[in-house]
Amino acid sequence: MDFTIDFTKEQIESIEDVLQQELIDLGVQSVILMDLAGNVIVNLDNGHANHDVFSLAALAAGNYGAVSAMANIIGEQEFSLLFHKGEKESIHFSKVVEDLLLLTIFNRDVSLGFLRLKVAEAIKRIQTLI
Amino acid sequence: MALINPKKREVQVKIVYYGPGRGGKTTNLEYINRKFKKRILNEMVTVKTYGDRTLFFDFLPFDIGEIKGHSIKIQLYTVPGQVKYNATRRLVLRGVDGIVFVADSMDLRREMNIRSLQNLKENLEAFSKNIFNIPLVMQYNKRDLADEGIPILSEETLQKDLNSRLNAPYFPASAIRGDNVAATMKKIIALTVSSLRKKLQ
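Residue indices begin from 1 for each chain and proceed along its sequence in written order. In the order they appear in the text, chains get letters beginning with A and ligands get numbers beginning with 1. In keeping with the model being predicted, local features are shown solely for residues with a pLDDT of at least 70 and side-chain atom pairs are shown and tallied solely at 80 or more, while totals for entire chains, interfaces and linings include all residues.

By the naming in an unreviewed UniProt entry, chain A is Putative regulator of Ras-like GTPase activity (Roadblock/LC7/MglB family), taken from Desulfosalsimonas propionicica.

The structure is reproduced here in structure tokens:
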């Protein structure tokens, strides 16, 4: 069995701090850092979210893969950012590094523009930790 | 790749049920979902097309307890079996730790089994994995059809066609009745998890 991404306890704690400060404190419902195999690496929420994160990660990995295949068809390497808008809740996907995705679930209290800015900042900080 | 979370002391292991279309992969997971309901905290996720065929995958998370102080989360997936869905099959194989190959015992499906196994080998190679090195269990499904007078392949024929070089553990099974479904799953979990033990301190 191969283990291509290994995180130490300290790395996970540092990533959690970043996600808490940049996103949860901003008002997002929950964040999931996951790999493209569908594994959940870090999951934080605001205490009110009750999502099935493992199923969400499995579907998100599939979704991201499918959209990347669509990107290839039109001559793009990938679409590094995806956004699904719901009536109350929305999901934002962003690539962190090769093989890692950050999923953010947020409601109408958070503006998409501000969220994108904060996600970009969080990703920049996470990249220095891994 | 199995993912170890040292903070939560949790390991996530990905097991994929592979095989030709309409071979019984989803039926395996549905049986497991019913039989082991108490251990399964979340609903089984399934992405189907019109006509009840698996479009993307089925997904069933499953807790098997602890090894060396780490809780082990098994994640069972199926792939869509139809030939045209190869791109999605390949996506599901990303990061796979163990595979159950569900072969269809029906006489008519002999060629389909062989093609699907070849397809598995090629798709694993796309992720630089070798079918000979990955934990693998063979399941010869639909043995119950013999009782209805439908011609089925003998175990010897299936072994010769599919498993003569791989030499993987194999089970004759009936997913619809539940025969050897749990045994197949336990075997692949045992094979996959045994390599974890060394890694966990």
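A. Summary view of the sheet that holds strand 5 (residues 100-107) of chain A. Residues and elements named next belong to chain A. A strand pair is defined by DSSP finding two or more bridges across the two strands. Counting from the N terminus, the helices are DSSP H or I runs at least four residues long and the strands are E runs at least two residues long. Pairing in this open sheet of 5 strands is antiparallel, and the strands run 2-1-5-4-3 from one edge to the other. The two strands at the open ends of the sheet, each matched to only one other strand, are strand 2 (40-45) and strand 3 (81-85). If you compare each strand with its neighbour and ignore which way they point, the axes differ by 15° on average. Each residue gets a C-beta atom placed from its backbone, and two residues are in contact if those atoms lie within 7 Å. A fitted line through C-alpha atoms serves as each axis, taken over the contacting stretch for helices, and the angle formed by two N-to-C directions is quoted from 0 to 180°. Sheet strands touched by helix 1 (residues 9-24): strand 1 (30-35), strand 2 and strand 5. Its angle to strand 2, the strand with the most contacts, is close to 40°. Taken strand by strand, helix 2 (residues 53-73) contacts strand 1, strand 2, strand 3, strand 4 (89-97) and strand 5, and its axis lies near 60° from that of strand 1.

B. Here's a closer look at unusual backbone geometry. Residues and elements named next belong to chain B. Its identity as a non-glycine residue notwithstanding, Lys68 has a phi of 45°, on the positive side. Residue placement: Lys68 occurs in the loop between strand 4 (54-67) and strand 5 (70-78). As a rule, residues whose C-beta atom has 12 or fewer other C-beta atoms within 10 Å are exposed, those with 20 or more are buried, and those in between are partly exposed; C-beta atoms are placed from the backbone. Given 13 C-beta atoms within 10 Å, Lys68 falls into the partly exposed group. Even without glycine at this site, Asn180 takes up a positive phi of about 65°. For Asn180, the position within the fold is in the loop between strand 8 (170-172) and helix 5 (181-194).

C. Representation of the environment of Ile134(B) in the model. All names here are of chain B. By the element assignment, Ile134 lies in the loop between helix 3 (110-126) and strand 7 (136-141). Judged by local crowding, Ile134 falls into the buried class, with 21 C-beta atoms found within 10 Å. Sequence separation between Ile134 and Leu91 is 43 residues, and the spatial gap between their C-alpha atoms is 17 Å. Sequence-distant contacts of Ile134, that is, excluding residues within four places in its chain, are made with Gly98, Ile99, Leu124 and Lys129.

D. Examining the interface of chain A and chain B more closely. Each side of the interface is counted separately: chain A has 27 residues, and chain B has 24 residues. It is helix 2 of chain A that provides the largest number of residues to the side of chain A that touches chain B, a total of 8 residues. Classification used: nonpolar for Ala, Val, Leu, Ile, Met, Phe, Trp, Tyr, Cys and Pro, charged for Asp, Glu, Lys and Arg, polar for all others including Gly. Split by residue class, the side of chain A that touches chain B holds 14 nonpolar, 7 polar and 6 charged.

E. Broad picture of the packing of helix 2 (residues 86-93) of chain B against helix 3 of chain B. All names here are of chain B. At their nearest, the axes of helix 2 and helix 3 sit 10 Å apart, and the two run at 60° to each other. Considering the angle they form, helix 2 stands oblique to helix 3. For the pair helix 2 and helix 3, the sense of crossing is right-handed. The segment helix 2 lies against helix 3, with Asn86, Arg89, Arg90 and Leu93 engaging Asn119, Asn123, Leu124 and Ala126. A class-by-class count of the residues in the contact of helix 2 with helix 3 yields 3 nonpolar, 3 polar and 2 charged. When an angle is under 35 degrees it counts as roughly parallel; over 145 it counts as roughly antiparallel; between 65 and 115 it counts as roughly perpendicular; any other value is oblique. Here a crossing is taken to be left-handed if its near helix is turned anticlockwise relative to the far helix by less than a right angle, and right-handed if that turn runs clockwise.

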